[in-house]
Every structure is written in C-alpha cells, then in structure tokens.
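An overview of the molecular structure
So you can see what is in the structure, the chains are spelled out below.
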Amino acid sequence: MEEKLRTLLRKALAELGGEGAEEEAGFTVPPNPEHGDLTTNAALVLAKKLDADPRKLAQNVAEELRKAPGAAAVDVAGPGFVNIRLADALLFDSLREALARGNDYGRGDEGRGARVQVEFVSANPTGPLNAVNARAAAYGDALARLLEFTGHDVAREFYVCNVGTQMDLLGQSVRARLAELRGEKAEIPDGGYRGEYVIDLARRLHEEGKISDGEDVAKLAAAAAAEIVARQRADLADFGVNFDLWFCEDSLYPADVETAKRVAAERGAVYEKDGALWLKTTAAGDDEDRVIVRADGRPTYFMADIAYHLNKYERGFAKAIDVLGPDHHGHVKKLYAMAELLGLPAGWLEIIISQQVNLLEGGEKVKMSKRAGNLVTMREVMDNIGVDAARFFFLMRTPAAHLDFDLELARTQTPENPVYYAQYCHARVESVKQEAGAETAEASPEAADLAALNLAEERLMARAVWEFPKVVASAAARREPHRLTAYATNLAALFHNYYQHHRILQAPSEAELRARLVLTRAVGQTMKNALRLLGVSAPSHM
RNA sequence: GCGCCCGUAGCUCAGUCGGAUAGAGCAGCGGCCUUCUAAGCCGCGGGUCGCGGGUUCGAAUCCUGCCGGGCGCGCCA
C-alpha cells in the first residue's frame, strides 16, 4: 500500500517538475488522527523549490494519490498537507497480522542480518554498579533488542577496564582493609576506594583463601576485580541484561596493542615527539594530537582503546555502537578521529552518550562519591522500585538528556510509574480473554468479520496496532527506545478508554463480539511486544 | 578559557531531523465501582517553549549573541 502511494507520489512530483523532491518528502503518520493515517508535506517542499502556491500543488498531488487502492479519502489541509485516510479494512488487516505473527509482530528486516556490536555499561571493575550504569544498561539493552528485532545480528559487549592506575588503587585499598582486619592500622591511599564493599570484599577473599596477606598489590587487585565483575554480572542479570562477551582490557596486551600500533604507523598517522608516540588525531577533526605510547614505552589508555576498536573491527562487525557514560563525552572526538585514521569505514563506529542521572532524595541533591562510598547502587534502585519500573523510567527519556531521579519519590510513588499503566493494559486484555473462555478467545481471526468494528475507538486502536512496525523501525534507526515507551503509553490510553466505555464481551451481536476479541487480542499482543523490546514484563494479572 | 549536553505546565519529561490548535505522566480541583481488574475512566485549571536578533510561506525545532544549569578538558583510566 505504502509502496503504491510512494510510486504515485513520485509520479505526481515528476509531473509537477519537482526533481528530487520526493527525497525530502515522505509519508508520516500524523499524531493527530484527524489528519488522517498518512500524510505528506510533498506539496510544501515542492512549493519552495518551484516558488509556487502550495495548496494548488497539493491539489494535484492529492488527485494522483486518490488512485491508490486502499486510500479511502485524500484531502488537502492546512498550508498544503495532503492527508490520506486509509480504508478501514487495511487497518483491520494489521489486527490479523498481529495475531498471525504473534511475538514476531513488528519485526523487520532493515538490518538484513548485519552483525552489529553494542558495547555498553563498561564500568570499571572497582566497585558496584551505580544508577548511571543502570540507565546505560537499560538503554543499551533496549537498543540491542530493537536492533535484533529489526533484523540485525547483535552482540552485547561489556569492556572491563582491568588495567592501569585504578587497579593499583583497588589493590592498595584491599591491602589496607586486610591489614585492618588483622587489627593493624592502615591507610587507604589517596584516590583509593573507601566504600564498605571493599571491607566485605577483603574479608570474603581472605576467608575463601583466594588471597593471602602477603600477596602483592597486583594480585590483590586482580582477585578483587574478578569478584567485583562477578557481582556486576549478577546484578545485570537480575536487571534482565546479559552480555555475550565480557572483554577484558588486559587481553589486548601485547598482541592487539602491537598490531594497532603497527597499523597506525603504516597509515602514517603517528609521529614521535618528546620521546613519546603521538596519534595525529587533529588530522581527523580532534582539537589536539594524542599520546598513545609514553616516553617510557608504556602505552596509554587511548592506545588500548585503539587496539580494542581494531579488534572489534577484525571480529567482523559491520557496525560498532559504543554507549558511553557522561564522563566520556570528552573522548568522542578522538575516538571518531581514531576510526578515520585507522581506515575504518565511515559510520562504522557510532558513539552514543548515555547522560548522567542526578540523584535526588526528597528534592535534595544527593552527592555521590566513590571515595566516600555513598554512591547509590544499581542494586538499590532495583530493590527500591523494581526492575520493570526502573527500566521503563530510564527508557522514557532520550539518552542525551540529563535526568533527575528522586529516590524518595520513586519509593513512595511507585504505583504512579507509567509502566503500570502499560502493563495494566496487557493484564486487562488477558483478563478479557480469560473471561471470554478458550473457545471464543481462540476463535480464528480469519473467520471474524472485522467490518463489525464500527466504533471510532476501535478504529483508533487498529490504527495504533497498524503503526507499531513503523514505530519499531524508527526507534531502532534513530537509536531511540523512548519512542516505544511513548507508544506503549499511548496504546494503553486508547485501550483503557475503550475498556471503560464499552463492555467488550457484551457486544450487540455475535459478529461484533468476535471482531472485538480479535481487536483486543491484537492490542494485547502488540503491547506485549512493545514491552518486551523495552525489557519490561507483560503480566497477566496485576 | 575551550568542548559537549540541557533550559518546554507547579514537578519529571515527550515533541516523529522546519509543519497543522505545543503533548503526556505526576501534583491540584470536581465527578465515576452490585456488570470483562478503579494500578482505570471522564471533566476543569495550568505554558511570553530561558532571553534578544536572524533565516522563510511557516521556528520549541535551523543560525547567531547573551543568561542560567550540568559534565568534560592529564604522557589517569
């Protein structure tokens, strides 16, 4: 149907003399149903190019589009929009499709099996995950789910930075706590980790015989990091997020780092200055060149990053998406520059910053500090408001925006979380199905006469179900899962309204009853799919 | 100082890459449960889209200058 419309539009524009106008002008689903089911601003775009009257052009476009089968009405509106109202039957077909495809309804093949890697969270193995990590986890996982659902072959990866200064500090912190456990006086070093968890960690590692008092800092750090990573993995699993690979930075040494250094050198992207080796990132838009190997021969963190991305590329991913935390947005330029300098395909690397979370407690800002050890953990967030509510809450926002998270509000107003509104819709559908009995509920959608759906509310729901695949495709393409939370809320509103005003099972006729059941089940299925993409459960009872 | 992000209803946030009368949740006020789950529904009030210019048929959206908030700017990771 849409293909047909597109063809007609192209034809109309060509006849009107608008070369290439169809590139800018497509069909969108207008938010206001009064503006039809599909709309195009083609005439407005064309009017600009030709310096002509948009309403007049719109009339011509409309005339052409009226030839499309399935276009029940085509009108010119506003300054020159062409609004198309689709035949009801077309929308109702999507109800059958939703039931026929079930959990696959909305699935697309835009990715055509392309292998995509999504790297997210990637917290340092020096402590428990915090609220910012939780947001990144919810976002990265939902994005991965969206990409999978649109035909990509997705790998979720967590980069464990288990090399460098912070490992040393972790080791020293553990050693100090071990000394304290023996009753000795010990100092946590400057910049060390003072959180309670280090004490527990030291005690447990000691009791389990994994470390002994005399071991060196590096070994203490490694043992501690292993424990911390295991804990992070368990927390994430409880949050519904599972990674395909936990990639440890130390595994890049020495082979991958040497390879990266060689590749950079071969491409003439490095030079020596002050005894150090520099990458010419300014040649690719960065503000200054970056050191990759220090004068004493030790590679920098950035060097490891280069090796890591080259490693990703060599593993055959068609695209790598890095979801980075707010403290990394200073790295974006040099990472893009690095990708260009190493000759990685344009667009291969995509960086998304998952912004910070301002924690509030009853309106008061909570200062988080790893040193003080008073950070709000992901575990606390989960325990306070639950996994579904937390994930939905984080996914309601665009990743780029900072967001305020009031713990007290979250605790006291948990039932107000919009996630329950959407879940309740699904539960009500299940309730209706159950009440209708297996026989009626399983009545074949093919046999039902959906033309019996003659209420405006019913058409609106069918329209929403019909729109779902488009929403999925757009959310995936734009890397914006929050479009789905908005969609779910909207679909729930339509259903709740319908449910309240019309007794679904007390339909005036048998035909209407069957049609309503098909509609209701299709709404339930669509809601379930939307929630699943967000990583939120779809309960049958609430 | 430089860079990135953000200023939209009392609060938290959307706003489909420049479109139609700027939306939702929460909070406030007033209604609705002998009937498929009231975690719901209906109604009301609430906005100079931070401020000023500019671009054009048309700007919350693009450009520019301010104001305000956050973060980042090591041969740390």
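Residues numbered from 1 in each chain as written. Chains lettered and ligands numbered in written order. Predicted model: local features only at pLDDT ≥ 70, side-chain atom pairs only at ≥ 80, totals over all residues. Heavy atoms only, no water.

1. Looking at the overall build of chain A
- Helix and strand content of chain A: 19 helices and 15 strands.
- Counting only C-alpha atoms and orienting by the principal axes, one finds that chain A spans roughly 85 × 60 × 40 Å.
- Each of the 542 residues in chain A was classed as buried or not, and the buried ones make up 52%.
- Looking at chain A alone, contacts between residues at least 24 apart form 73% of all its contacts between residues at least 6 apart.
- Averaging the coordinates of the 65 positive side-chain charges in chain A and doing the same for the 80 negative ones gives two points 1 Å apart. (Helix = DSSP H or I, 4+ residues; strand = E, 2+ residues; numbered from the N terminus. Buried < 20%, exposed > 50% of the residue type's maximum accessible area, 1.4 Å probe, protein only. Contact = heavy atoms within 4.5 Å. Lys, Arg positive; Asp, Glu negative; His and termini not counted. Charge placed at Lys NZ, Arg CZ, Asp CG, Glu CD.)

2. Considering the protein's contact with RNA strand B
- Residues in contact with RNA strand B amount to 64 residues; listed here are only the nearest, Pro31, Phe81, Thr165, Tyr424 and Ser431.
- Between a base oxygen of RNA strand B and a main-chain N or O atom of Ser540, the distance comes to 3.3 Å.
- Class assignment for the residues of the surface near RNA strand B results in 26 nonpolar, 25 polar and 13 charged. (Near = heavy atom within 4 Å. Polar contact = N/O pair within 3.5 Å; in protein donor to acceptor, adjacent residues only side chain to side chain. Nonpolar A, V, L, I, M, F, W, Y, C, P; charged D, E, K, R; others polar.)

3. Some thoughts on the nonpolar core
- Ranked by internal contacts, the top residues of the largest apolar core, which has 117 residues, are Leu65, Leu95, Leu236, Phe394 and Phe405.
- Mapping this core onto the domain boundaries places at least three of its residues in each of domain 1 (2–86) and domain 2 (415–534). (Core = buried A, V, L, I, M, F, W, Y, C linked by side-chain atoms within 4.5 Å. Domains from an automatic or database assignment.)

4. Regarding helix H11 (residues 301–314)
- Its 14 residues place the ends of H11 20 Å apart at the C-alpha level, agreeing with the 20 Å of an ideal helix rising 1.5 Å per residue.
- With 11 of 14 residues buried, H11 is to be regarded as a mostly interior element.
- Buried within H11 we find Phe302, Met303, Ala304, Asp305, Ile306, Ala307, Tyr308, His309, Leu310, Asn311 and Lys312.
- In the segment just after H11, Gly316 is the residue with positive phi, at about 95°. (Expected span 1.5 Å × (residues − 1).)

5. A short note on the environment of Gly164
- Among the structural elements, Gly164 can be located in the loop between strand E6 (153–160) and helix H7 (165–181).
- Look at Gly164 and you get partly exposed, because its relative accessible area is 41%.
- Measuring from C-alpha to C-alpha, the distance between Gly164 and Asn497 comes to 57 Å, with 333 residues separating the pair along the chain.

6. Side note on the domain arrangement of chain A
- With domains assigned, chain A is organised as domain 1 (2–86) and domain 2 (415–534).
- Centre-to-centre separation of domain 1 and domain 2, based on C-alpha positions: 30 Å.
- Each side of the interface is counted separately: domain 1 has 10 residues, and domain 2 has six residues.
- Approximately 680 Å² of surface area, both sides summed, lies buried where domain 1 meets domain 2, with 47% of it carried by carbon and sulfur atoms.
- Of all residues in domain 1, Val29, Pro33 and Asp37 give up the largest surface area on contact with domain 2, accounting jointly for 58% of the area buried on that side.
- At the boundary of domain 1 and domain 2, one finds two salt bridges. (Buried area = accessible area lost by both parts, 1.4 Å probe. Salt bridge = Lys/Arg side-chain N within 4 Å of Asp/Glu carboxyl O.)

7. Section: the sheet that holds strand E4 (residues 81–86)
- Spatial ordering of the open sheet is given by E1-E2-E4-E3, a layout of four strands whose pairing is antiparallel. In this open sheet, the two edge strands, each paired with only one partner strand, are strand E1 (27–28) and strand E3 (71–77).
- Pairing of strand E2 (residues 38–40) with E4 involves three bridges; the strand directions are antiparallel. When the sheet's bridge partners are listed, Thr40 is paired in E4 with Val82. (Pairing = 2+ DSSP bridges.)

8. With respect to the state of the cysteines
- All told, the structure shown has zero disulfides when counted by the stated rule.
- As a non-bridged cysteine, Cys161 has Cys248 as the owner of its nearest cysteine sulfur, 9.7 Å distant. (Disulfide = S-S within 2.5 Å.)

9. Here we look at the pairing of strand E8 (residues 270–273)
- In the sheet, E8 pairs with strand E9 (residues 276–279) via four bridges, with the strands oriented antiparallel. Residue pairing for E9: Glu272 is matched across the bridge by Leu277.

10. Looking at the pattern of salt bridges
- Tallying each qualifying case throughout the model produces 35 salt bridges.
- Residue Glu184 is joined to Arg182 by a salt bridge in which the shortest nitrogen-to-oxygen separation is 3.0 Å.
- Salt-bridge contacts for Glu266 lead to Arg262; the nearest nitrogen and oxygen are separated by 3.3 Å. With a gap of four residues between them, Glu266 and Arg262 both fall in helix H10 (residues 255–266), about one helical turn apart.
- Three or more residues are tied together by salt bridges with common partners; here these are Asp37, Arg85, Asp88, Arg459 and Arg463.

11. Description of the packing of aromatic side chains
- Within this structure, the stated rule accounts for 15 aromatic pairs.
- Each ring, one from Phe158 and one from Phe243, has its centre 5.4 Å from the other, and the planes form 90°; the classification is edge-to-face. With Phe158 in strand E6 and Phe243 in the loop between helix H9 (217–238) and strand E7 (245–248), this pair connects stretches of sequence that are 85 residues apart.
- Arranged with centres 5.3 Å apart and planes meeting at 85°, the rings of Tyr313 and Trp348 form a pair that is edge-to-face. With a gap of 35 residues between them, Tyr313 in helix H11 and Trp348 in the loop between helix H12 (332–341) and strand E12 (349–353) connect regions that are remote in the sequence. (Phe/Tyr/Trp six-rings, centres within 6.5 Å; stacked < 30°, edge-to-face > 60°.)

12. Structural notes on the sheet that holds E9
- Pairing in this open sheet of three strands is antiparallel, and the strands run E8-E9-E10 from one edge to the other. Two strands bound the open sheet, and with one partner strand each, they are E8 and strand E10 (290–293). Neighbour to neighbour, the strand axes of the sheet diverge by 45° on average, direction disregarded.
- In terms of strand pairing, E9 meets E10 through three bridges, oriented antiparallel. Along E10, the bridge assignment pairs Leu277 with Val293. (Axes fitted to C-alpha atoms, helices over the stretch in contact; angles between N-to-C directions.)

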